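Okay, here's what each chain looks like letter by letter:
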Amino acid sequence: MTVWTRTRGSAVLLATMLAVNACGGSPAPSAGGQQGAKEFSVGLTEPDHLTPGNTSSSYSITVLQALFDLPVFIDSKGQPQMRAAESVTSDDQKVWTIKLKAGQKFHNGEPVTAESFADAWNAAAYGPNAWTNNYYFENVEGYDKLNPEAPEGSEEAPKPTTDKLSGLKVVDATTLEVTLTAPFSQFPITLAYTGFAPMPKAAFADLKAYDVKPIGNGPFALDGEWARNRQIKIKKFDGYAGPRPAKSASVNFKIYESRDTAYVDLRAGKVDLIQTIPPASTSEAKRLLGDRFVATPSGTMDYLGLPVYDKRFQSPDLRKAISMAIDRQAIVDAVFNGAFKPMGSLVAPLVPGYRENACGEACVFDKAKAKALFDKAGGFSGTMNLYFSNADPSYEQWMTAVANQLKDNLGIADIQFRKIPAADYLSTLRAHKQDGPYRNNWVMDYPSPQNYLQPMWGAGNRMGWESKEFDDLLTQANSAASMEASIPLYQKAEDLALSEMPMIPLWNWQDQSGYSDKISGVQIDAYSTNLDTITVK
Amino acid sequence: MRYALHRLLQAVPVFFVTTFLIYAMVFALPGDPIVALAGDKPLPDEVLHTLRERYHLNDPLIVQYGIYMLNAFQGDLGETFTGQPVSELLQGRWSVTAQLAVTAWIFELVVGIGLGVIAGLRRGGIADTAVLAGTTFVIAVPVFVVGYTAQITLGLNLSLFPTAGVDEGWPVSYLLPGMVLGSFGLAYVARLTRTSLIENMRADYIRTARAKGLRRRRVIGRHALRNSLIPVITFLGVDFGNLMAGAVVTEGIFNLPGIGQQVFQSIQLQEGPVVVGIVTVLVMIFILVNLLVDLLYGVLDPRIRRG
């Protein structure tokens, strides 16, 4: 999800970089009259796929959330609530029973059953299908049979012998039993991710056709086909029996190449809702839109990773000194117009278990203390290379600010930039080719501390940081008796990662949305656009 | 006719060399496109393998190019990384760019030549000075500044044109982007016409024509302008290709789903087949338009036709 979103974002790089928001102008009073009654439009960037198992692009997800009801959804407080499921329960956190609500239908009239979920998940987990969300089924029993590894010395992986996950058992029409490879207390929360959506039997007859005309079980159904690069139209599904019927007749997703253009169209009244107001236009948008400007905290975080395997970065004190030498607020104000939030915690504020400044003084800017700690740790010798990708010009801007602060506050004289082509950046990090601090971005998949701690600090991380104690704490937390019981354990793991500081938290992103006065009931939160709640005046 | 055929044959090697060069350039871009697509999430070997196989990414450059060309001649241009057939993708997008380019081209032609004639005939006058100053300004300001300024003032604030998109169809949706895209070429056309006209107005045959007692309108229209347009037509021919390519920025600003947007996206995603497919057609258009221009010379100046 992470880089896909960023890559997509960079497709509008030209426009973003060069945006000239010279004239103020007046806000358009009302949206254009050419649209039909009770229809509103949403600005969108072209999605990659519309098969739920095959996309992690946030743009696809905006559409899919209107078309599909997942077993679970996340409420505005970050807590999992039941949607297509009646209950998700387990005694040992390893074998999970998903009870579905009865009487639900797909848009083509097919009933939604346990098998609809099993079919979709098997397809996503089946290696040769090469679907993006394959990885999310890694902890379901039988996953390795569907994704055999290439034998030593060969590029070619053998063909799987089966296309069904042995861990999925259809008990009856409304009961699905999922067996995981290890206890995982966060499992219910993951079921809110669109990769876990059900698919009707009709989908498997022609998966290619399904990708442009998906059939879901949500409050909206696709109206016609996805007109690539132009629009996706959806209409209210009359046979919907679930908990969130649509309050409008139809929605038209208008596809934009550039965020700036979408914003101009919002001002011209040609689009009713956009979720990507460019940071450069923040203050203007606030003034023009008033309370129709919505800032939503997001789960996305930026970090500064440190190559712990390089011996110059082996002292935790030195790593903390670098953290304390960075004035996060100043950078956020200068580069992001104050829209982002400086962070002293490894998880985003909207994640249950978040503690403000869990980090303590190691994440508070203090020039004198930073320098003292830096000198105590023996200072830094040689060239410090800063790594980031060329996907977006803002990376270089904030890295330049970090470089200047490290120069001024710690006296590191020789700092160089290593700007890596976007397509090469992650393989550089994975191969541990970086010998200096690097930009690390994370987009949340589901609001659990586990979703941050395990992929980024767990075994095989990019920093080359190893801590058995940390790994053990995660294992304990994953197998805790409930989600509540797991939180203190994740917090202990977070404390440990912060005290050793292999990766420095920087700031948390914010999404900026705006809407026209033609619609009301907009309830955008970090987890969903909630298009079903919107009414057209 | 033989001349035309000869020129077409010349185009064949040009076609192969350009397409191969483009393919090689996309091939040489750093990084593994499949890994980059996956972002931060790990991809199992099986998935990696299937995707690489599907897009022939394991083969050496010359083999990839060969497979691509072979399929292309059978009408199969491959598919994008998101699984959409390239031919279908281009179909949808070409018409948008073509309409945009034609709008810009007509704008350049009509307004450019018009301004050039006015300026050239009243050399040193207010109109001439205004045209010179205006065109210098347009050439100096980058196209995205012109684009955004026009969009905000003419589109948003004055509501004279739609701000973005193709909802209103041709010509309404294409007027403003066409003018922005054509503004750069327009400046050149106006200046070329002006200079060329001034030069020709001094020529002996114009004096002769005047001495014959022809009316001023006829002297300018039939004699001076016709000869003055040869360099302008050359420029317009070359510029038609430029317009197609220049659409990258304009299409971005005005959200026109044409090939300009697509080239930009596809280069970033390293989608060789898409880039090559688009560039191939661009090369062909470029060759064809310039062939037409060569043939047009004959119409304007009979001496070239006979030679």
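Quick caveat: nothing in here was measured; it's all calculated off a predicted structure. (Residues numbered from 1 in each chain as written. Chains lettered and ligands numbered in written order. Predicted model: local features only at pLDDT ≥ 70, side-chain atom pairs only at ≥ 80, totals over all residues. Heavy atoms only, no water.)

### Thoughts on the overall build of chain A
Secondary structure assignment for chain A yields 17 helices and 19 strands. In terms of overall size, chain A behaves like a compact globule, its C-alpha atoms giving a radius of gyration of 24 Å where 537 residues would be expected to give roughly 24 Å. A principal-axis box enclosing the C-alpha atoms of chain A has dimensions of 70 × 60 × 45 Å. Among the 537 residues that make up chain A, the fraction classed as buried is 60%. A separation threshold of at least 6 residues defines the contact pool for chain A, and within that pool the share at least 24 residues apart is 71%. In the form shown here, chain A has an accessible surface area of approximately 19,500 Å², with 50% of it arising from carbon and sulfur atoms. (Helix = DSSP H or I, 4+ residues; strand = E, 2+ residues; numbered from the N terminus. Rg over C-alpha atoms; globule rule 2.2 N^0.38 Å. Buried < 20%, exposed > 50% of the residue type's maximum accessible area, 1.4 Å probe, protein only. Contact = heavy atoms within 4.5 Å. Areas by Shrake-Rupley, 256 points an atom, 1.4 Å probe, with all protein chains shown as cover.)

### Looking at the overall build of chain B
Tallying secondary structure elements over chain B gives 13 helices and zero strands in all. Listing every helix and strand of chain B by position from the N terminus yields α-α-α-α-α-α-α-α-α-α-α-α-α. With the C-alpha coordinates of chain B rotated into their principal frame, the extents come out at 85 × 55 × 30 Å. Residue pairs in contact within chain B that sit at least 24 positions apart in sequence constitute 76% of those at least 6 positions apart. Split by element, the accessible area of chain B, about 14,500 Å² in all, is 68% carbon and sulfur. Here chain B holds 23 positive side-chain charges and 20 negative ones, and the gap between their average locations is 27 Å. (Lys, Arg positive; Asp, Glu negative; His and termini not counted. Charge placed at Lys NZ, Arg CZ, Asp CG, Glu CD.)

### Examining the pattern of salt bridges
Side-chain pairs of opposite charge can arise where the charged atoms are in close proximity. Residues and elements named next belong to chain A. Inspection of the entire model under this criterion finds 22 salt bridges over all chains. With a closest N to O distance of 3.3 Å, Asp-272 and Lys-518 form a salt bridge. Here Lys-518 lies in the loop between β17 (503-515) and β18 (519-520) and Asp-272 lies in the loop between α8 (259-267) and β11 (273-274), a separation of 246 residues in the sequence. Given the relative accessible area of 0%, Asp-272 is considered buried. Connected via shared salt-bridge partners are Asp-69, Arg-244 and Asp-532. (Salt bridge = Lys/Arg side-chain N within 4 Å of Asp/Glu carboxyl O.)

### What to know about the pairing of strand β12 (residues 293-305) of chain A
Residue and element names in this part refer to chain A. The element β12 is extensively covered by neighbouring structure, given that ten of its 13 residues are classed as buried. Bridging between β12 and β17 involves ten bridges; their strand directions are antiparallel. Residue pairing for β17: Ala-295 is matched across the bridge by Gln-512. Bridge analysis of β12 against strand β16 (residues 438-442) gives five bridges, and the strand direction is antiparallel. Along β16, the bridge assignment pairs Gly-305 with Tyr-438. (Pairing = 2+ DSSP bridges.)

### So, the sheet that holds strand β7 (residues 175-179) of chain A
All names here are of chain A. In spatial order, the strands read β4-β5-β7-β6; together these four strands make up an open sheet with antiparallel pairing. Strands at the two margins of the open sheet, each flanked by one partner only, are β4 (85-90) and β6 (168-172). The mean inter-strand angle of the sheet, taken between neighbouring strand axes irrespective of direction, is 20°. Bridge count between β6 and β7: four bridges; the pairing is antiparallel. When the bridges of β7 are listed, Val-170 appears paired with Leu-176. (Axes fitted to C-alpha atoms, helices over the stretch in contact; angles between N-to-C directions.)

### Thoughts on helix α3 (residues 45-54) of chain B
Counting buried positions along α3(B) yields seven of ten residues, so the element is predominantly enclosed. His56(B), located one to two residues past α3(B), shows a positive phi value of around 55°.

### Side note on unusual backbone geometry
All names here are of chain A. In the Ramachandran plot, Gln-93 falls in the positive-phi region, its phi being about 65° despite a non-glycine side chain. Exposure remark for Gln-93: the relative accessible area of 4% places this residue in the buried category. Although it is not a glycine, His-432 adopts a positive phi angle of roughly 55°. On the basis of relative accessibility, which here comes to 30%, the residue His-432 falls in the partly exposed class.

### Regarding the confidence of the model for chain A
Residues and elements named next belong to chain A. Averaged over chain A, the pLDDT score is 88; the fraction of residues at 70 or greater is 92%. Highest mean pLDDT in chain A belongs to β7 (97); lowest belongs to helix α2 (residues 13-18) (33). For the stretch residues 1-36, pLDDT sits under 50, and the model shows 98 contacts to residues farther than four places along the chain or on other chains. (pLDDT = per-residue confidence, 0-100.)

### Remarks on the nonpolar core
It is characteristic of soluble globular proteins that their nonpolar side chains tend to be buried jointly. Trp121(A), Ile322(A), Trp398(A) and Trp457(A) are the most contacted members of the largest nonpolar core, which has 151 residues in total. The contacts of Trp457(A), once residues within four sequence positions are left out, are Tyr303(A), Leu346(A), Tyr452(A), Met463(A), Trp465(A), Phe470(A), Ala497(A), Pro502(A) and Met503(A). By size, the runner-up hydrophobic cluster in this structure holds 50 residues, among which are Tyr148(B), Val166(B), Ile220(B) and Val293(B). (Core = buried A, V, L, I, M, F, W, Y, C linked by side-chain atoms within 4.5 Å.)

### A few points about the pairing of strand β15 (residues 415-420) of chain A
Residue and element names in this part refer to chain A. Sheet topology note: the strand β14 (residues 384-389)/β15 ladder contains six bridges and is parallel. Bridged to Asn-385 within β15 is Gln-416. Crossover handedness for the path β14 to helix α13 (residues 393-410) to β15: right-handed. (Right-handed = clockwise from strand over helix to strand, strands pointing away.)

### Digging into the state of the cysteines
Residues and elements named next belong to chain A. The tally for this structure, following the rule as stated, stands at one disulfide over all chains. At a sulfur-sulfur separation of 2.0 Å, the disulfide partner of Cys-359 is Cys-363. A torsion of 80° about the S-S bond marks the disulfide between Cys-359 and Cys-363 as right-handed. (Disulfide = S-S within 2.5 Å.)

### Concerning the side chain of Ser248(A)
All names here are of chain A. Residue placement: Ser-248 occurs in the loop between β9 (231-236) and β10 (250-255). Judged by relative accessible area, which is 3%, Ser-248 ranks as buried. Other than its neighbours up to four places away in sequence, Ser-248 contacts Lys-38, Phe-40, Phe-220, Lys-236, Ile-534 and Val-536.

### Things to note about the domain arrangement of chain B
Under the domain assignment used here, chain B contains domain 1 (19-90) and domain 2 (94-269). The C-alpha-based centres of domain 1 of chain B and domain 2 of chain B are spaced at 38 Å. (Domains from an automatic or database assignment.)

### Observations concerning a nonpolar patch on the surface
Residue and element names in this part refer to chain B. A surface patch of nonpolar side chains, amounting to about 550 Å² of accessible area, comprises Val-102, Ile-106, Val-110, Val-111, Leu-115, Ile-118 and Trp-170. By the element assignment, Ile-118 lies in helix α5 (residues 86-121). Exposure remark for Ile-118: the relative accessible area of 39% places this residue in the partly exposed category. (Patch = residues over 30% accessible without salt bridge, like charges linked within 9 Å, V, L, I, M, F, W, Y side chains within 5 Å.)

### Some remarks on the UniProt feature "transmembrane region" (unreviewed entry) in chain B
Residues and elements named next belong to chain B. Per the UniProt annotation, the sites labelled "transmembrane region" (unreviewed entry) are residues 12-31, 96-118, 130-154, 174-192, 224-254 and 274-300. Helix makes up 92% of residues 130-154 and strand 0%, whereas the separation of the span's terminal C-alpha atoms amounts to 21 Å. Overall, residues 274-300 shows 100% helix and 0% strand. The separation of its end C-alpha atoms is 39 Å. (UniProt positions renumbered as here; feature names shortened; annotations may be inferred.)

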